[in-house]
Amino acid sequence: MMKNRLLFLGPPGAGKGTQASLICKEKGLLHLSTGDLLREEVSLGTQLGKEAELIMNKGELVSDQIVLSIVEKKLSKSSQGWLLDGFPRNLMQVELLEKLLKDIHQPIQTVLLIEIDDETLTHRMLSRGRKDDKEDVIRNRLKVYRDKTSPLVNHYMDLGILKSINGCGNIEDVNNRIKEALN
Ligand code: AMP
């Protein structure tokens, strides 16, 4: 039986968003991407969006409370299961999320790490052309990932729920590897 409470972990440009969308469509899960939700706030021009935009354009992390409030609203509404993409991104967010999930009795079942080398990541991001996909910002996002997010790998490994797959290659190949890992 496929798990229905998932977390996708991996550096920016690893293909988390693309792969998360595919898996969610196939399995009917709620796709919760904090990056997408923040970009939505930015395009709506909300106060939250205005504050977030300045930080996102530098490739830094938006405040833990802001992202938590966004996730909290959505998670409590989902009954089918969910896939977290881009959250949590530091150990404080891990703690906040664990408390939230404990309260709603919905622990994470599997954390999937998408692994890929820096050169491929940079290349993919540059060809994507998002506003925060400029070379200096990309460099900073990779540094932020290394410093703040990569410690999550050991955390979830220690909990015994981490699986990793190779994120190189085309979308379909990676999708197949993910399904194999999740089944
Ligand atoms: P992403 O689409 O996941 O690459 O996220 C784009 C940007 O949104 C990041 O570089 C951060 O500035 C911000 N962001 C997304 N998710 C988070 C999060 N969980 N915590 C803090 N900032 C985030």
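See the structure above.
Cut-offs applied
Residues numbered from 1 in each chain as written. Predicted model: local features only at pLDDT ≥ 70, side-chain atom pairs only at ≥ 80, totals over all residues. Heavy atoms only, no water. Helix = DSSP H or I, 4+ residues; strand = E, 2+ residues; numbered from the N terminus. Buried < 20%, exposed > 50% of the residue type's maximum accessible area, 1.4 Å probe, protein only. Contact = heavy atoms within 4.5 Å. Near = heavy atom within 4 Å. Polar contact = N/O pair within 3.5 Å; in protein donor to acceptor, adjacent residues only side chain to side chain. Nonpolar A, V, L, I, M, F, W, Y, C, P; charged D, E, K, R; others polar. Pairing = 2+ DSSP bridges. Axes fitted to C-alpha atoms, helices over the stretch in contact; angles between N-to-C directions. Parallel < 35°, antiparallel > 145°, perpendicular 65-115°, else oblique. Left-handed = near helix turned anticlockwise from the far one by under 90°. Core = buried A, V, L, I, M, F, W, Y, C linked by side-chain atoms within 4.5 Å.

*Asks:* Looking at this structure, how should I read the environment of Q80?
*Replies:* As for its position among the elements, Q80 is in the loop between α4 (64-75) and β3 (82-85). Overall, Q80 belongs to the exposed group, its relative accessible area being 55%. Between the C-alpha atoms of Q80 and K179, which are 99 residues apart in sequence, the distance is 18 Å. The residues touching Q80, leaving out its near neighbours within four places in the chain, are N4, G28 and L29.

*Asks:* Even after reading the chapter, I still don't get the site of the ligand, so can you show me in this structure?
*Replies:* Surveying the vicinity of the ligand reveals 16 residues, the closest of which are T34, R39, E60, G86 and Q93. Residue V62 places a main-chain N or O atom 3.0 Å away from a nitrogen atom belonging to the ligand. Between the ligand and R89 there is a distance of 3.0 Å, counted from an oxygen atom to a side-chain nitrogen or oxygen. It is helix α2 (residues 34-44) that provides the largest number of residues to the shell around the ligand, a total of 4 residues. Here the residues of the shell around the ligand sort into 6 nonpolar, 4 polar and 6 charged.

*Asks:* Sorry if this is basic, but what is going on with the pairing of strand β4 (residues 110-115) here?
*Replies:* Most of β4 sits inside the fold, with 5 of its 6 residues counted as buried. Pairing of strand β1 (residues 5-9) with β4, which is carried by 4 bridges, proceeds in the parallel orientation. Its bridge partner lying in β4, L6 is registered against T110. As judged from the 5 bridges shared by β4 and strand β5 (residues 162-166), these two strands associate in the parallel manner. Bridging across to β5, L112 finds its partner in K163.

*Asks:* Help me understand the side chain of D132 in this model?
*Replies:* Its location among the elements puts D132 in the loop between α6 (118-128) and α7 (135-149). Separated by 2.9 Å, the side chains of D132 and R130 make a polar contact.

*Asks:* Hey, could you run me through the packing of α6 against α7 in this one?
*Replies:* Each pair of packed helices can be summarised by the angle the axes make with each other and by the distance between the axes. At a closest axis distance of 11 Å, the pairing of α6 and α7 adopts a crossing angle of 135°. Compared by their axis directions, α6 and α7 come out oblique. In this structure, the crossing between α6 and α7 has a hand that is right-handed. For the pair α6 and α7, contact is made by D118, L121, T122, M125, L126 and R128 and by E135, I138, R141, L142 and R146, respectively. Partitioning the contact of α6 with α7 into residue classes produces 5 nonpolar, 1 polar and 5 charged.

*Asks:* What is the right way to read the nonpolar core from this model?
*Replies:* As a rule of thumb, nonpolar side chains are buried together in soluble globular proteins. Ranked by internal contacts, the top residues of the largest apolar core, which has 30 residues, are L38, L75, L84, L97, I108, V111 and Y156. Contributions of two or more residues to this core are made by β1, α2, α3 (47-56), α4, β3, α5 (91-103), β4 and α8 (151-158). A total of 6 residues in this core trace back to one element, the largest contributor, which is α4. Not counting residues up to four positions away in its chain, the partners in contact with I108 are R5, L7, W82, L97, L101, Y156 and I161.

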